[in-house]
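Analysis of the macromolecular model
Given next are the chains, with one letter for each unit.
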Amino acid sequence: MAKITFDGVEVEVPDGTTILNAARQIGGSIVPPAMCYYTPLKGSGGKCRACLVRVAAGSTKDPRPMPKLVASCVTPVQDGMVVENTTSEQVLNVRKGIVEMLLINHPLDCPVCDQAGECDLQNFAFEHGVSTTRYQEERRTFEKIDIGPLIQLHMTRCILCYRCVYTADQIVKGDRVHGVLGRGDAAEIGTYIENIIDDDFSGNVIDVCPVGALTDKTFRFKQRVWFTKPVNAHRDCPKCSGNVVLWYKGKDVLRVTARKDEYGEVKEWICNECRFEKKETSDWTIEGPAHIDRSSVISANHYELPVLNQSVIADLPESTQRELEKNPPLKLG
Amino acid sequence: MGRKLLTEHINVEGIETFEVYRKHGGYRSVEKAIKTMTPDEVVEEVKKSGLRGRGGAGFPTGMKWSFLAKPEGVPRYLVCNADESEPGTFKDRQLMSKLPHLLIEGMITSSYALGANTSYIYIRGELLYVLRILEKAIAEAYAAGFLGKNILGSGYDLDLHVHPGGGAYICGEETALLESLEGKRGNPRNKPPFPAVQGLYARPTVVNNVESIAAVPVIVNEGGDEYAKIGVGRSTGTKLFSACGHLNKPGIYEIELGLPVEEFIYSDEYCGGIWKGRNLKAVVAGGSSVPILPTELILKTAAGENRLMTYESLSDGGFVTGTMLGSGGFIAMDETTCIVRNTWNFSRFYHHESCGQCSPCREGTGWLEKVLHRLEHGHGHMEDIDLLVSVAKQIEGNTICPLGEAAAWPVAAAVRHFRDEFEWHVTHAKQAAQPGAVYPGAAVLA
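Residues numbered from 1 in each chain as written. Chains lettered and ligands numbered in written order. Predicted model: local features only at pLDDT ≥ 70, side-chain atom pairs only at ≥ 80, totals over all residues. Heavy atoms only, no water.

Applying the stated criterion across every chain yields a total of six cavities of 30 Å³ or more. Taken as a whole, the largest cavity encloses approximately 100 Å³ of empty space. In terms of lining residues, the largest cavity is bounded by 16 residues, among which Cys158(A), Cys164(A), Cys209(A), Ala213(A) and Leu214(A) are the most central. A breakdown of the residues in the lining of the largest cavity according to their chemical character gives 15 nonpolar, no polar and one charged. Approximately 60 Å³ is the volume found for the second largest cavity. Lining the second largest cavity are Ile170(B), Pro188(B), Ser354(B), Cys355(B), Gly356(B), Gln357(B), Cys358(B), Cys361(B), Ile400(B), Cys401(B) and Leu403(B). Considered class by class, the residues forming the lining of the second largest cavity number eight nonpolar, three polar and no charged. (1 Å grid on protein atoms, 1.4 Å probe; cavity = no way out; pocket = protein on both sides within 12 Å on 5 of 7 lines; lining within 4 Å. Points joined across faces, edges and corners; volume = space filled by probe spheres on them. Nonpolar A, V, L, I, M, F, W, Y, C, P; charged D, E, K, R; others polar.)

See below:
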């Protein structure tokens, strides 16, 4: 076990844990943001540099500070390590720079982008960026690539996080046909992405994409995500766990996704049949409202009613009180 | 006249053949090491010599070797980084094409010291002709019993392979090199783990520059202490400098570390002064990635002392008034050089060569290049100058590998030392954008 101090909070974690995961054990707003790291995908992380932190003391054995900021998602903790994240002005300044860099070639078309409301870059920019850019040059654009009827690839919005590449490598079966071509700011996700689309688990690339580069064609533009209601459901699926989130608009299931944790990481991969073909409520056993614990506009809609104590309820109008008592998810304090 | 330890016989006819090389004392270090020394004793000699990595970083070679993990029953590798491609640096190419057996001798001795039974020379793809020279020399070494099974009857086995890369600058970064050697895209790895623990094929690996490995036979033959007597302070031994630019005698020079920069530039033994009798304007002392210095700072330190060709003296003053020895790519620029154009040119290179894996380097190198392009072509604004510094700062230290720094340092240093020239490109945009236009001096800004 290693004991580290993260932003002044002490935490003890097993040896080999990364700084980011140690911070996640503390939780809350001090956890560094991550655009490319994705726990279920082996080898991911270290690329976007969003999670850079300052190591003010390397370890008890060698308490010298590390000369450069380190990527917290790929750097293992050492006993006695002292890490600064939100307490370091240098880190916060660098993060502003990273937002600016990422937004150079990522269009700010949030009003029309299907990922709006659940875009990691949108959240990252909101929390760490500035509202202006100093970039005046031409931005990169791409010809549209058709990768079939289920998934839309929008290379223009890609931030080269490599998550879909790892998904194709690790989740999708068959030969490796999906990778990064070109280098520098001319790098792009390989055009052979269409070759993975026939696989039963290819839809997971949609869930792992932090921005709107890979979206669900069966859901695109049907509804803004914050107007839909996420509901946990499951079915007996022979291919995957069958544990999903159904996104309702009224009585219609508009979209099916895998369940994600508070850091937006998929808990269990789901198959394409569950994702794209089972869009009737009758296909599923409903469990109840899904908890979306993320710093985004989705959770702002409060799909779960807050836990209210009796004194608060007593102050509410009578009609509201009656409505609340009828509502099963409500926990009365 | 300084001592030549590596290039003493470089002009001997036929020195690239085993027979001639052997006649001139070649492979003595292999015999000495394998027959009379333990691997640890060889490492100890290299430590004593004070040899520092000649690829650019200047990390002590012996110490790097002693970091190598040695778990039982697990192979270890020595990889020679021959992916020389920094603009202005061309010393390894010459060493390998003229003295292939020196590198092979160094590889054998070093591999023995490290306990490696398979070693690789990873060579830049464009140097196919050098690859052929090396392959021929390796075949000769195998035939003479210096490579293969049971070398010199000692029971020590070593296989040596030359592996051409695809011609990407990033593959000179040690972890990208290992990725490429494994047959993958040459993207740098996150560190830790360091190659000494998890390198090639996830095994303990040492990656050394050609010149560092070529120095090992000399150290073993002469002894580490003797080697350490050459040079100044922690800069021991000799170093190859590839001098280019506006010099009367550009070329590759082996010098004893500690030579004054002024003597290197102006003495007839070395570069012979600036061509056409012009004045020196600036120097990039260690390959295009190190900070550029104006004449007054390359010849003298800020304290007024003579600047010497050593790791310490060249870096004296940090990046405010100093630079780095780097890989020894010495680029001299005369008074007709446009610093903005030159910086833009360097930036184009790093933009082109960024692997694109991490966001600051992928986006930042392109941004720098585009702003410099604007300034050079007469479309710049005054605030662009500070923008360059700011973007360079956003890249520096925040990337996976040092290519970010390599792209940021030259830009930041050029603005630091030649800001008035950048300003002239804004205030006299039309004039500055003319082909061959050169900043006429501070008077025009007054």
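In this section: the domain arrangement of chain A. Residue and element names in this part refer to chain A. What the domain assignment lists for chain A is domain 1 (2-97), domain 2 (110-121 + 140-216) and domain 3 (225-299). A C-alpha centroid distance of 31 Å is found between domain 1 and domain 3. Every contact between the two is made by eight residues of domain 1 and, on the other side, six residues of domain 3. For the domain 1 and domain 3 pair, buried surface summed over both sides reaches about 600 Å², with 54% attributable to carbon and sulfur atoms. The residue Glu 265 makes a salt bridge to Arg 24 at a minimum N-O spacing of 3.2 Å. For the pair domain 1 and domain 3, the interface holds four residue pairs in polar contact (both at pLDDT 80 or more). Grouping the constituent residues of the side of domain 1 that touches domain 3 by class yields five nonpolar, two polar and one charged. (Domains from an automatic or database assignment. Contact = heavy atoms within 4.5 Å. Buried area = accessible area lost by both parts, 1.4 Å probe. Salt bridge = Lys/Arg side-chain N within 4 Å of Asp/Glu carboxyl O. Polar contact = N/O pair within 3.5 Å; in protein donor to acceptor, adjacent residues only side chain to side chain.)

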